[in-house]
Amino acid sequence: MFVQPLPTLRREADTLVILDQTLLPFRSATVALATLDAAADAIRHMQVRGAPLIGATAAFGVALALARGGADDAVLEHALAVLGATRPTAVNLHWALARMADVLRPLPAPARRAAAWAEAEAIRTDDAATCDAIGRHGLALIAAITARRPGPVRLMTHCNAGWLATCGAGTALAPVYAAQAAGIAVEVVVSETRPRNQGLLTAWELRAASVPHTLIADNAAGLLLMRGEVDLVITGADRIAANGDTANKVGTYLKALAAHAAGVPFYIAAPHSTLDFGCPDGRSIPIEDRGADEVCRIRGLADDATIAELSLAPPATRAANPAFDVTPAALIAGIVTERGITAPGRLAALYPEQAR
Ligand code: MRU
């Protein structure tokens, strides 16, 4: 079982302690969240991020709301509504809230507090086990490449779908950690993922784990794929529609297009909580628009070791900031789930109980 070097979140008494990802990769510090609003803000402002981790944080957010505000129907429904409105694209958020609602709504108010903590904790531990299973299945893809030729497997990823994005090993990076544990050499190509630079979180994780990796500007991905310098691409997902169309961090679609043109297999790694059979295809997936500031400004470490923000564009520059895009199922070689690897169009056969 993969053990996170630092827990992305953990309960401490009646608070939720999170690793504040807005400070990474410059500094690692935790924050204790004590209220519903603090949990909602942490999701909104991306102190926690990554689809499975957002879902788990929302579940604990419900527990915080009930611990502080009483546990009657009004408090519960308010918490579900506030948390449900924080970020629109990652369906794991809604999946986790629906799971909390199903457990808590039928209970009498006095029984809800303990049940909320217990269910949030179950979501956390289930996610960790799910990541391990994704790692085991994804390992087969990497092992198949080493069986064909000598040398390290060159895997490209986008954004951060590692342990920082989950309660366990991650999704797209779980097979990398599994390969490392199995003694298979992997080199990871990490795209920086403008505007929020989640690729830097991936590089930080991989460096800490001693996994060889190379950071590239997002726009360099096409060239590397065309030159045959990548064996496979694996990214995570925020929502997978019934037909396999997949929303993930903006820029994923361009990688899938370039991989397709270069004949490099492009995989998605994701748990059951990312599947949305209520969305028939990618057109019905809501895409989060974030502020222009994220495009026009950038964060970094100043020479005096403070975290500083700089303007990249003149004031009042108009900027668009769609945070996700949708990769059509036709560009996806397979989806690595905790139940195995499937063609995108065959998800319903693997998850009949969810597809119903
Ligand atoms: O905006 P973010 O950082 O929450 O977006 C994260 C991603 O797009 C990840 O690739 C996705 O959530 C999968 S995380 C296992």
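Residues numbered from 1 in each chain as written. Predicted model: local features only at pLDDT ≥ 70, side-chain atom pairs only at ≥ 80, totals over all residues.

(A) Layout of the sheet that holds strand β5 (residues 186-191). Read from one edge to the other, the open sheet built from 7 strands follows the order β6-β5-β4-β7-β10-β15-β16, with strand pairing classed as mixed. One side of each edge strand has no neighbouring strand; the edge strands of this open sheet are β6 (213-216) and β16 (340-342). Here the strands of the sheet are splayed against their neighbours by 25° on average, with no regard to which way each runs. Where strand β4 (residues 153-158) lies against β5, 6 bridges are found, and the strand directions are parallel. Residue pairing across strands places Met156 opposite Val189, the latter belonging to β5. Along the sheet, helix α5 (residues 109-148) contacts β4, β5, β7 (232-235), β10 (266-269), β15 (334-337) and β16; its crossing angle with β15, the most-contacted strand, is approximately 130°. Contacts from helix α7 (residues 198-208) reach β4, β5 and β6, with the element oriented near 155° to β5. (Pairing = 2+ DSSP bridges. Helix = DSSP H or I, 4+ residues; strand = E, 2+ residues; numbered from the N terminus. Axes fitted to C-alpha atoms, helices over the stretch in contact; angles between N-to-C directions. Contact = placed C-beta atoms within 7 Å.)

(B) Broad picture of the UniProt feature "active site" (unreviewed entry) in the protein chain. According to UniProt, the feature "active site" (unreviewed entry) maps to Asp238 in the numbering used here. Tracing the sequence through the fold places Asp238 in the loop between β7 and β8 (239-241). Judged by C-beta crowding, with 31 C-beta atoms within 10 Å, Asp238 ranks as buried. If near-sequence neighbours (up to four positions away) are discounted, Asp238 is found in contact with Ala51, Thr89, Ala90, Ala247, Asn248, Thr274 and Phe324. (UniProt positions renumbered as here; feature names shortened; annotations may be inferred. Buried ≥ 20, exposed ≤ 12 C-beta atoms within 10 Å, placed from the backbone.)

(C) Region of the structure containing the nonpolar core. Counting 104 residues, the largest nonpolar core has Ala39, Val62 and Ala269 as its most contacted members. Looking at which domains feed residues into this core, each of domain 1 (9-126) and domain 2 (134-355) gives three or more. (Core = buried A, V, L, I, M, F, W, Y, C linked by C-beta atoms within 7 Å. Domains from an automatic or database assignment.)

(D) Molecular detail of the packing of helix α1 (residues 36-44) against helix α3 (residues 73-84). The contact between α1 and α3 brings their axes to 9 Å, and the two run at 20°. In terms of their interaxial angle, α1 and α3 are classed as roughly parallel. Judged by the sense of rotation from one axis to the other, the crossing of α1 with α3 is right-handed. Counted together, Leu36, Ala39 and Ala40 of α1 and Ala79, Val82 and Leu83 of α3 form the full contact between these two elements. When the residues that make up the contact of α1 with α3 are grouped by side-chain class, the tally is 6 nonpolar, no polar and no charged. (Parallel < 35°, antiparallel > 145°, perpendicular 65-115°, else oblique. Left-handed = near helix turned anticlockwise from the far one by under 90°. Nonpolar A, V, L, I, M, F, W, Y, C, P; charged D, E, K, R; others polar.)

(E) Structural context of the pairing of strand β1 (residues 9-12). Where β1 and strand β2 (residues 15-19) come together, 4 bridges link them in antiparallel fashion. Across the sheet, Leu9 pairs through a bridge with Ile18, a residue of β2. Taken together, β1 and the strand that follows it, β2, pair antiparallel across an intervening segment of 2 residues, in which Ala13 is found at a positive phi of about 50°.

(F) Looking closely at the sheet that holds strand β3 (residues 30-33). On the basis of which strands lie adjacent, the open sheet formed by 3 strands has the order β1-β2-β3 and antiparallel pairing. The two strands at the open ends of the sheet, each matched to only one other strand, are β1 and β3. Direction aside, neighbouring strands of the sheet carry axes that sit 25° apart on average. Both β2 and β3 contribute to a ladder of 4 bridges, which runs antiparallel. Paired with Val17 across the strands is Ala32, a residue of β3.

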